[in-house]
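Geometric and topological summary
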Amino acid sequence: MAIPAKQVGTFIPAEISFLAENSLVTIIPRQAMESVGLIGGTIPSMRPMRRIEVPIWVAVLLKKQSRCNIVPPNWLSEENLKITYDAEAANMTRFSANLPWEWVEVGELILGSAPDDLSSPPHVIRNLLRDIREVRQAKARAGLKNLNDSYLQLDNVGAMELNEIRSFVTMAMNQLRIMQGTREGAERQDVDVEPDDQDDDDDDDDLPRESYDDSMLTAKGYQDSYDTARNSRQGSEIGGTEDERASINSHTFAGVRHISTQNRSRSALPQAPSYTDDDDDGDNEDNDMEIDAAYLNAVNGN
Amino acid sequence: MHFSNHISFTTMYGDLAAKLIQDSKRTQSLDVLPAYQADLVNSIIREIRDLQRDVKILLDQQGPNFRASQDRRVSCAIFVLQICMRRNKRCLLAYHKLRARRLETLVWSGFETTSIGSEGDSGVALSDRPSVASGWHPDEEEYFRGYGDVLAELKGEWTDIDLTGSMEPPRDLFIDVRVLKDAGEIQTEYGLITLTKNSQFYVRQGDVERLIQQGYIQKLH
Amino acid sequence: MMDERDLEIDDLINDLDKEYYSAHPTANSSYLTTHKSRDLKSLVRLWISERTCPDILPYAHDLLDTMLDRVREQVEVIEVNTTSGDAGGGAKLKLLFVETEVERVKFLVRGYLRARILKIDKYYMHILNNLDMQTRLSQSELRYAKRRGNQLKRYYDLRFLSSLPPSLQRLDDTAGGLQMVEMPDLNEVVFIRVLHDVPGEVDLGNDDKIELRTGNIYVLPYKVIRRHIDNGDVQLV
């Protein structure tokens, strides 16, 4: 593959950090330097003590050579972080708007390269950042329980935070969507058993496309749907690339779903097609835990 | 394998393909590409041909006036046979697609098939190279080389950016290093550096990567 | 991250920059406000979009050409300065920035191209059967897709395909109700951020409707938001 499996459909944390390094930060030069023409801009000529703005990666390089001090952004002060923490803790259903998009990465970059430029002891800032991160992670987790196949709103989420849930959310929502399609498809097929009845040209057709070319995975899915639900879950444990696993899971889940919910009304689904709403199904807790585990993997795996 | 016109026996079909899928599943979790399952593949091809023959026999038995809609029993039997054939084909495709993709990944990761790379000093890497052909089918070696050529041409059009270069974001172009044992002089883009034990340098990481691996110098943090 | 107002201000500043620079060729600008920084931002956006979009986006000929030209220019700067003997400390420092940035840009271009190749590999058959897809590829990419497709076909043929009954030898049949040609699934969800308020609502096609307000971040099927990505109302993140 042209891209390593761990970078398919998502980014590695180093990439998110790399992007954040392009954002600007104010520095106070300690030495003079002529301007430098770059591909993406020009580093202005520097005179000692005269503040300028440069990309973070430039600031980090200068700082490494003790040629500048970095001015930490306002939101990174102890006082503001405390305010932010309180704001985060006060509302467990949404992220506060106090932090910039790249707050996790910028925080790490500045703590890592210029701890002596912070106005408070680095460990105080570090702990505050960690506390904020944890309280926001708890929110993200809680929010993911309400995943559906329609949309998910994540206002004020940070770039790194978003990327940590990306694989999980993408996989889960695409699966929910396929399950929805499978059920609709199954209902249609109940009426119409001709095998070659296909409305191929219907753009709105939500039937999952089961690529012939990906046939092994699909074929496995079919086989699993004849097995017990428990056996079919093994699909989620096998190795392979993200998209291969997702593909396997989508079919195994689809199989399980199809068996266990065929007599449920469809009306509840767009709202909450979650795994937990079947009170009489003993497997539910398992499913729930599986989601939690997958989420944790998504977060901790990075 | 015993053949009968009875549909119930068709449950035997597909077992081989399932084995191939098991192998694919295993392949996905392995770092090395396992041996090619030539016997299994050939058996499945044979099974598909047997199934095709069965279809033909069934159809021949019905004579020229056979109409599928009028004999549900026969048309159902044929339908099942067809499904088995197609499933087998799909399993074959999936297995080979997975193998092809793994071969491609190897090409991307730098296992050159033609000359051993253009960097003259990469002779060391030669002995590290895993045996390319272990367990591969000759056709796979051919695909490996064929894809290598295809990629080499594409790469040749992008020499400015090194298409097969690292997918990790660049960081620390220059690093601080300490010399652990005398290593003579090295030529860098910034001139000649003499590496005497315990000296420290701020050097281009790319210039000393190999010396770090060989234990001559150590990266300082 | 650039909304319409920013764009205007940027343009204004850019114009001022140009005037100022023609009068003061040695003066500095702030890093933010040059056309150069806008090009780099575009490249970053392109890199993110290609990595996160389920479909193959149109190849960005102009931008890629521009960026490659500048990479070459900078590499020349590096070569001239390193071969001109012992550069002073200041010159070395300059080169450190130039070289570091060149590596960063190369990484972006490489990642962009390889994100495309990943999708080209996956959907090659669909591409080779579909003119619209082909127009989105560069000549070089299309040639690659064809050549790889031929190699792959040969591998499949040699290994099993040509040994099958003629009716089963195709790689692109749809018999049995199964579409064999893999194509981008536009229903896959994407992560987007809204760049500026969009009047009205977006119909998600299942009784759900959402509003697009500046800063909103949504995960939703690519298909329902594609139009707004294309016209710059929202961006992939």
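Residues numbered from 1 in each chain as written. Chains lettered and ligands numbered in written order. Predicted model: local features only at pLDDT ≥ 70, side-chain atom pairs only at ≥ 80, totals over all residues.

A count of helical and extended segments in chain A gives 10 helices and 6 strands. Counting all 302 residues of chain A, 42% fall into the buried class. Of the contacts formed within chain A by residues at least 6 apart in sequence, a portion of 71% connects residues at least 24 apart. (Helix = DSSP H or I, 4+ residues; strand = E, 2+ residues; numbered from the N terminus. Buried ≥ 20, exposed ≤ 12 C-beta atoms within 10 Å, placed from the backbone. Contact = placed C-beta atoms within 7 Å.)

Next up on the list: the overall build of chain C. What chain C contains, in helices and strands, is 8 helices and 5 strands. Sequence-ordered secondary structure for chain C, helices as α and strands as β, is α-α-α-α-α-α-α-β-β-β-β-α-β. Residues classed as buried in chain C amount to 35% of the 237 residues present. Taking the intrachain contacts of chain C between residues at least 6 apart in sequence as the baseline, contacts between residues at least 24 apart amount to 59%.

All names here are of chain B. Strand order in this open sheet of 3 strands is β4-β1-β5, and the pairing throughout is antiparallel. Edge positions in the open sheet fall to β4 (200-204) and β5 (217-219), since each of these has one partner strand only. Recorded for the sheet is a direction-independent mean angle of 40° between the axes of neighbouring strands. The sheet contact formed by strand β1 (residues 174-179) and β4 spans 5 bridges and is antiparallel. Counterpart to I175 in the pairing with β4 is V203. Sheet strands touched by helix α6 (residues 205-213): β1, β4 and β5. Its angle to β4, the strand with the most contacts, is close to 115°. (Pairing = 2+ DSSP bridges. Axes fitted to C-alpha atoms, helices over the stretch in contact; angles between N-to-C directions.)

The next thing to look at is the domain arrangement of chain C. All names here are of chain C. Domain boundaries assigned for chain C yield domain 1 (34-122), domain 2 (123-184) and domain 3 (185-237). Its C-alpha centre places domain 1 at a distance of 32 Å from the equivalent point of domain 2. Looking at the side of domain 1 that touches domain 2 element by element, the count peaks at 5 residues for helix α4 (residues 89-122). When the residues that make up the side of domain 1 that touches domain 2 are grouped by side-chain class, the tally is 6 nonpolar, 1 polar and 5 charged. (Domains from an automatic or database assignment. Nonpolar A, V, L, I, M, F, W, Y, C, P; charged D, E, K, R; others polar.)

Contacts between chain C and chain B engage 32 residues on the former and 31 residues on the latter. Elements represented by at least two residues in the side of chain C that touches chain B include exactly α3 (61-83), α4 and α7 (139-159) of chain C. Looking at the side of chain C that touches chain B, the element that brings in the most residues is α4 of chain C, giving 12 residues. Of the residues in the side of chain C that touches chain B, the class split is 15 nonpolar, 7 polar and 10 charged.

Further remarks concern the domain arrangement of chain A. Residues and elements named next belong to chain A. Segmenting chain A into domains produces domain 1 (1-71), domain 2 (74-144) and domain 3 (159-192 + 205-300). At the interface, 8 residues of domain 1 touch 9 residues of domain 3. Grouping the amino acids of the side of domain 1 that touches domain 3 by side-chain chemistry returns 6 nonpolar, 2 polar and no charged.

Once that is clear, we can look at the nonpolar core. Formed by 149 residues in total, the largest nonpolar core has its most connected members in A59 of chain A together with V219 of chain C. Per-element accounting of this core gives the leading share, 14 residues, to α4 of chain C. Non-local contacts of V219 of chain C, meaning those with residues more than four positions away in its chain, are made with Y151, L152, L154, V169 and M173 of chain A together with V189 and F191 of chain C. (Core = buried A, V, L, I, M, F, W, Y, C linked by C-beta atoms within 7 Å.)

With respect to the helices and strands, the residue A2 of chain A is situated in the segment before α1 (13-20). Through-space distance from the C-alpha of A2 of chain A to that of K139 of chain A is 35 Å; in sequence the pair is 137 residues apart. Apart from residues no more than four positions distant in its own chain, A2 of chain A is found in contact with W108 of chain B together with R114, I117, L118 and D121 of chain C.

All right, on to helix α5 (residues 138-156) of chain B then. Spacing of three or four residues puts side chains on the same side of an α-helix, whose turn is 3.6 residues. Taking 1.5 Å of rise per residue, the 19 residues of α5 of chain B would be expected to cover 27 Å, and the 27 Å separating its terminal C-alpha atoms lies within 8% of that figure. Looking at α5 of chain B, one finds that the buried residues are E140, Y143, F144, G146, Y147, G148, V150, L151 and L154 of chain B. Tucked inside the fold, the buried residues of α5 of chain B contact α3 (72-108) of chain B together with α7 of chain C. (Expected span 1.5 Å × (residues − 1).)

In this section: helix α2 (residues 56-64) of chain A. Residue and element names in this part refer to chain A. Most of α2 is tucked away: 8 of the 9 residues are buried. Those residues of α2 that fall on the buried side of the exposure criterion are I56, W57, V58, A59, V60, L61, L62 and K63. The first or second residue beyond α2 is S66, which carries a positive phi of 55°.

In this section: the environment of T170 of chain A. All names here are of chain A. The topology assignment puts T170 in helix α6 (residues 159-191). Residue T170 is classed as buried on the basis of its C-beta count, with 23 C-beta atoms lying within 10 Å. Separated by 21 residues in sequence, T170 and D149 place their C-alpha atoms 10.0 Å apart.

Another point: the sheet that holds strand β4 (residues 52-55) of chain A. Residue and element names in this part refer to chain A. The 3 strands lie next to each other as β4-β1-β5, forming an open sheet whose pairing is antiparallel. Both edges of this open sheet fall to β4 and β5 (68-71), since each of them pairs with a single strand only. On average, each strand axis in the sheet is inclined to that of its neighbour by 45°, with strand direction left out of account.

Looking now at the interface of chain A and chain C. In this assembly, 50 residues from chain A lie in contact with 51 residues from chain C. Of all elements in the fold, only β2 (36-38), β3 (41-43), β4, α2, β6 (152-153) and α6 of chain A reach the threshold of two or more residues within the side of chain A that touches chain C. Broken down by class, the residue content of the side of chain A that touches chain C amounts to 28 nonpolar, 12 polar and 10 charged. Both β6 of chain A and strand β4 (residues 217-221) of chain C contribute to a ladder of 2 bridges, which runs antiparallel. Paired with Q153 of chain A across the strands is Y218 of chain C, a residue of β4 of chain C.

Another point: the packing of helix α1 (residues 15-29) of chain B against α3 of chain B. Each pair of packed helices can be described by the angle between their axes along with the distance between the axes. Residues and elements named next belong to chain B. Running from amino to carboxyl end, α1 crosses α3 at an angle of 20°, the nearest separation of the two axes being 9 Å. Judged on the interaxial angle alone, α3 and α1 are roughly parallel. When you trace α1 past α3, the crossing you get is left-handed. In this structure, α1 uses A17, L20, I21, S24 and T27 to contact α3, whose residues at the interface are R87, N88, C91, A94, Y95 and L98. Within the contact of α1 with α3, the residues separate by chemical class into 7 nonpolar, 3 polar and 1 charged. (Parallel < 35°, antiparallel > 145°, perpendicular 65-115°, else oblique. Left-handed = near helix turned anticlockwise from the far one by under 90°.)

Moving on, we get to unusual backbone geometry. Backbone geometry at M49 of chain A places phi at a positive 70°, although glycine is not the residue there. Checked against the element boundaries, M49 of chain A lands in the loop between β3 and β4.

Residues and elements named next belong to chain A. Here chain A averages 71 in pLDDT, and 60% of its residues register 70 or above. In the model, residues 189-292 has pLDDT below 50 throughout and makes 141 contacts with residues more than four positions away in sequence or in other chains. In the predicted structure, residues 298-302 sits below a pLDDT of 50 and forms 8 contacts with residues beyond four places in sequence or in another chain. (pLDDT = per-residue confidence, 0-100.)

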